[in-house]
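Read off the chains here:
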Amino acid sequence: MHRLSRRSVNSLLRYGGHRRRDAMAAASVGSSGINGSGGERDASGRRYSVLSHLTSTGPASARSLKSGNMIPLGIRYESTAADFSASDTPVEKYEYQAEVSRLMDLIVNSLYSNKEVFLRELISNASDALDKLRFLSVTEPQLLEGAPELDIRIQTDQDNGIITLTDSGIGMTREELVDSLGTIAHSGTAKFLKALKDSKDAGTDSNLIGQFGVGFYSAFLVADKVVVSTKSPKSDKQFVWEGEANSSSYFVKEETDPEKMIPRGTRITLHLKRDDKGFAHPERIERLVKNYSQFVSFPIYTWQEKGYTKEVEVDEDPAEAKKDGTDDGVEKKKKTKKIVEKYWDWDLTNETQPIWLRNPKEVTTEEYNEFYKKTFNEYLEPLASSHFTTEGEVEFRSILYVPAITPMGKEDIVNPKTKNIRLYVKRVFISDDFDGELFPRYLSFVKGVVDSNDLPLNVSREILQESRVVRIMRKRLVRKAFDMILGISMSENREDYEKFWENFGKHLKLGCIEDRENHKRLAPLLRFFSSQSEQEMISLDEYVENMKPDQKDIYYIAADSVTSAKNTPFLERLYEKDLEVLFLVDPIDEVAVTNLKSYKEKNFVDISKEDLDIGDKNEEKEKEMKQEYGHICDWMKKRLGDKVASVQISNRLKASPCVLVSGKFGWSANMERLMKAQTVGDSSSLDFMRSRRVLEINPEHSIIQTLNAASRSGAEDEEALRAIDLLYDTALISSGFTPESPSQFGGKIYEMMNMALSNKWSSQTQEAEVVSEPQATFQTQEAEVVAEPQATLEAEVVEPIETTGGSQK
């Protein structure tokens, strides 16, 4: 951690930064300019530097000091840098401006959430330096002399844990070095852009990245010492800056070692901390460059180990040669083997032209698909893509994709933190971890890249700031995503949208619940089964086209399956009138449609709720029915009590005797079933929502007609009252509700079965017993009566003949 010396802290606490004003005013200030030898000498010959307010004019100047702009000022510090002590070059020691011990601690431990972003920040700074040089070289071509190539090179020393990043950019003079690296949060890029704005070239397009002035200090995330060696074409000398993570000061000197000279630019050497030496692995550096700085507009080379295959001769064993028996005089072919020769060389790591900066007319579908597979590690081609540029008050470029399938093993559609949107600012990757800033969570399946030059970020560039710009970007991205999905739905190949709906239909239904502003875009994309299309889903547009001329509403019924929906008694009269009804069979369907409320000025109407109007109202007939069946309605309501709010004459039944409908503002039977299934459902709210139920009876059914007669003649008859209870329980089940006591309902069914079976089969058995026994006796007696006379008659007939014969004889 960065700490100020005890002496400095005490002076701050005691004098509030104005230490010994009289002594400071009387102090003689050395004329150590930035390019001079710097510092004062005491009697022993030791060199000192006078700490002053480090502004753009450099350290101590000949002007008088004002104590009001200093933190502790007027204190002289002895130069004791270990690495610099052996050099004869004059060395100056400077204190950082501001409370660096606290600010550096914030930068290292709080500002950046991920250590690996240090390389992104350093490459971004190098890219800015190259951009500045390229811009200035237009009017000053001599700046490019000696090193015409503009590139960034990264070399690693894995054994010693050292990373060296070198750019051939504009470099820095001594004044600029102290000004930029000695002042925390001083942005040279912001200063350069301000100069451009104030100059006549204000309209020049520049893709400079840095704007906060703290990117360089991200190096201390992984390094305990940083050495910066820089050479500006405006200066004949090369200067070195050195700072340590646990120090509140830094050192500047002139570079005199010939082996460390560079023609132009800046070389940053990071001495990594012990725990972070893994960053010095060449493959890890290459991976970080490809992830964060893949599309920086200058080539980035990394020092990589390579190899090539070659054949080498193999010395043959004399014993084996003699064993082969070949003639010594005959020249034989020498044996060879292949080996891999290793060497180190510079390897181009990044692509300088991102696909989203190209003209969409010049990019083929194959190139879009290849970029999608490579960027998001996919193996299937996307269903659709959209490449667009937004201009105006907010400018950005983007490519969006609709995947072919949902990610494997990710069933949670409400998780907004996906890695599907990669955000770039001036072609530098910022983050892919968002919490719904750029896309709502119901569109979290959309993948793509977004590149903006003026996106409002925080200092660490990792968190979006809540602002009007972000809201405008979100609206335009969502709009483009809907246009892309609509294009799939309008495709000639219907299977494309069926595949999309199978994978992402629930996401759009969730959008109906969460995003009221986009209901008009969401509704045409919805698909449902219906009473006239049980095998193939239809859109709301198709439903509206098939509506009857006098039909005012869009009818629907919610159930757990198509089979349950089509067999519900609520559909009987609608089937008769050939009215189409949507089947909402997905648990989220009913909530989504309820939030939509209407489509093309047609209201959604649940046919399982009271006050259903199907366009066949006859007031005179209803009045007659109420007069005729009003008594049974009151009688049944008295029997059922609080189980129902009322009993009414139904206009939706044809074959069923009754049906139980929900209150207009209460839960439907399907919703009640779903809420009961919730593990944390609130039973008190459940009771409130289901309290309004209406029993509707069908006056044309024989059961109702029989009970109507019973209500007038035998209102207290127990069998009639039990029939009402059984009728209610049966209506509960047929209407989709669950009986409060299934066992009691089962007991009533068994009792009725017993009565029906015993009345029918037992009576037939008794009749059979009564009838069958007399018939058997009668037949037996009749047989005896008939048999005996026949036998007697035969005997009487035969015997007289015999007798006659005997008498004659």
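Conventions we followed
Residues numbered from 1 in each chain as written. Predicted model: local features only at pLDDT ≥ 70, side-chain atom pairs only at ≥ 80, totals over all residues. Heavy atoms only, no water. Helix = DSSP H or I, 4+ residues; strand = E, 2+ residues; numbered from the N terminus. Buried < 20%, exposed > 50% of the residue type's maximum accessible area, 1.4 Å probe, protein only. Pairing = 2+ DSSP bridges. Axes fitted to C-alpha atoms, helices over the stretch in contact; angles between N-to-C directions. Patch = residues over 30% accessible without salt bridge, like charges linked within 9 Å, V, L, I, M, F, W, Y side chains within 5 Å. Areas by Shrake-Rupley, 256 points an atom, 1.4 Å probe, with all protein chains shown as cover. Salt bridge = Lys/Arg side-chain N within 4 Å of Asp/Glu carboxyl O. Left-handed = near helix turned anticlockwise from the far one by under 90°. Contact = heavy atoms within 4.5 Å. Nonpolar A, V, L, I, M, F, W, Y, C, P; charged D, E, K, R; others polar. Phe/Tyr/Trp six-rings, centres within 6.5 Å; stacked < 30°, edge-to-face > 60°. Lys NZ or Arg CZ within 6 Å of the ring centre and 35° of its normal. Expected span 1.5 Å × (residues − 1). Core = buried A, V, L, I, M, F, W, Y, C linked by side-chain atoms within 4.5 Å. Parallel < 35°, antiparallel > 145°, perpendicular 65-115°, else oblique. Polar contact = N/O pair within 3.5 Å; in protein donor to acceptor, adjacent residues only side chain to side chain. Bend = angle between axes of the 7 residues up to and from the residue.

By the naming in an unreviewed UniProt entry, the protein chain is Histidine kinase/HSP90-like ATPase domain-containing protein, taken from Centaurea solstitialis.

Engineer: For the overall build of the protein chain, give the residues involved together with the corresponding values.
Structural biologist: For the protein chain, the helix and strand inventory stands at 22 helices and 26 strands. With 809 residues in all, the protein chain has 45% of them scored as buried.

Engineer: I'd love a proper account of the sheet that holds strand β4 (residues 91-95), names of residues and values included.
Structural biologist: Read across the open sheet, the nine strands follow the order β4-β9-β8-β7-β10-β6-β5-β11-β12; overall the sheet is mixed. Edge positions in the open sheet fall to β4 and β12 (336-348), since each of these has one partner strand only. Across the sheet, the mean angle from the axis of one strand to that of its neighbour is 20 degrees, orientation sign disregarded. Note that strand β11 (residues 300-313) and β12 share 13 bridges and pair antiparallel. Across the sheet, the residue bridging to E311 is K338, located in β12.

Engineer: Explain a nonpolar patch on the surface to me, using residue names and the numbers behind them.
Structural biologist: There is a patch of nonpolar side chains on the surface, built from Y379, L380 and I405 and spanning about 280 Å² of accessible area. Looking at the element boundaries, L380 is found in the loop between α9 (365-376) and β13 (384-390). Owing to a relative accessible area of 33%, L380 belongs among the partly exposed residues under this scheme.

Engineer: Could you give me a rundown of the packing of helix α20 (residues 702-713) against helix α21 (residues 718-734), with the residues and numbers involved?
Structural biologist: Following both chains from N to C, one finds α20 and α21 inclined at 145 degrees, their axes separated by 11 Å at the closest point. Remark: the crossing between α20 and α21 carries left-handed chirality. The segment α20 lies against α21, with I703, I704, L707 and A710 engaging A720, A723 and L727. Within the contact of α20 with α21, the residues separate by chemical class into seven nonpolar, no polar and no charged.

Engineer: Quick one: what's the story with the packing of aromatic side chains, residue by residue and with numbers?
Structural biologist: Tallied over the full model, the rule gives 21 aromatic pairs. Ring geometry for F295 and Y424: centres 5.6 Å apart, planes at 70 degrees, overall edge-to-face. Of this pair, F295 sits in the loop between α7 (282-292) and β11 while Y424 sits in strand β15 (residues 421-425), and the two are 129 residues apart along the sequence. Comparing F295 with Y424, the two get one shared label, buried. Pairwise contacts between aromatic rings join Y292, F295, W356, F371, Y424 and F429 into one cluster. Over the face of the ring belonging to W346 we find R153, whose NZ or CZ atom lies 5.1 Å from the ring centre. It is R284 that lies over the ring of F279; its NZ or CZ is 3.9 Å from the centre.

Engineer: Outline α20, supporting the account with residue identities and numerical values.
Structural biologist: Its twelve residues place the ends of α20 17 Å apart at the C-alpha level, agreeing with the 16 Å of an ideal helix rising 1.5 Å per residue. Its buried side turned inward, α20 meets α17 (619-640), β26 (693-697) and α21.

Engineer: Quick rundown of the sheet that holds strand β14 (residues 396-402)? Include the residues and the values.
Structural biologist: Across the sheet, five strands lie side by side as β13-β14-β17-β15-β16; this open sheet has mixed pairing. Of all strands in the sheet, those with a lone pairing partner are β13 and β16 (428-431), marking the two edges. The average undirected angle you get between the axes of adjacent strands in this sheet is 20 degrees. Relative to strand β17 (residues 447-452), β15 runs parallel, the two sharing five bridges. Bridge pairing in β17 links V425 to S452. Along the sheet, α9 makes contact with β13, β14, β15 and β17, crossing β14 at roughly 85 degrees.

Engineer: Just give me the short version of the nonpolar core, but keep the residues and values in it.
Structural biologist: Grouped together as the largest cluster of nonpolar side chains are 75 residues, with contacts concentrated most on F439, L443, L508, Y555 and L582. For this core, the element with the highest residue contribution is helix α10 (residues 468-489), accounting for nine residues. Those residues in contact with L508, other than ones at most four positions away along the chain, are L443, I485, Y497, F500, W501, L522, L525 and L526. By size, the runner-up hydrophobic cluster in this structure holds 63 residues, among which are Y94, Y112, F118 and M172.

Engineer: I'd like a rundown of the packing of helix α4 (residues 117-136) against α7, residues and numbers included.
Structural biologist: Running from N to C, α4 and α7 cross one another at 65 degrees; their axes reach a closest spacing of 10 Å. The angle between the axes of α4 and α7 places the two elements in the roughly perpendicular class. Along this stretch, α4 crosses α7, giving a crossing that reads as right-handed. For the pair formed by α4 and α7, the contact residues are V117, L119, R120 and I123 on the first element and I285, L288, V289 and Y292 on the second. Its residues assigned to classes, the contact of α4 with α7 shows seven nonpolar, no polar and one charged.

Engineer: Please provide a residue-by-residue account of the environment of Y424, values included.
Structural biologist: Assessed through its relative accessible area of 2%, Y424 is described here as buried. Among all residues touching Y424, those that are not within four sequence positions of it are F295, W356, F429, I430, V449, V450, D451 and S452. A polar side-chain atom of Y424 sits 3.2 Å from a polar atom in the side chain of R422.

Engineer: Quick rundown of α17? Include the residues and the values.
Structural biologist: Each α-helix turn comprises 3.6 residues. Residues three or four places apart therefore point the same way. Given a rise of 1.5 Å per residue, 22 residues ought to cover 32 Å, yet the end C-alpha atoms of α17 are separated by just 28 Å, more than 12% below that figure. If you look at α17, its biggest bend is around 55 degrees, right at Y629. Considered for burial, the residues of α17 that qualify are Y629, G630, I632, C633, W635, M636 and L640. Considering only its buried residues, α17 is in contact with β24 (646-649), β26, α20 and α21. Positive backbone phi, approximately 65 degrees, marks G641, located one or two places after α17.

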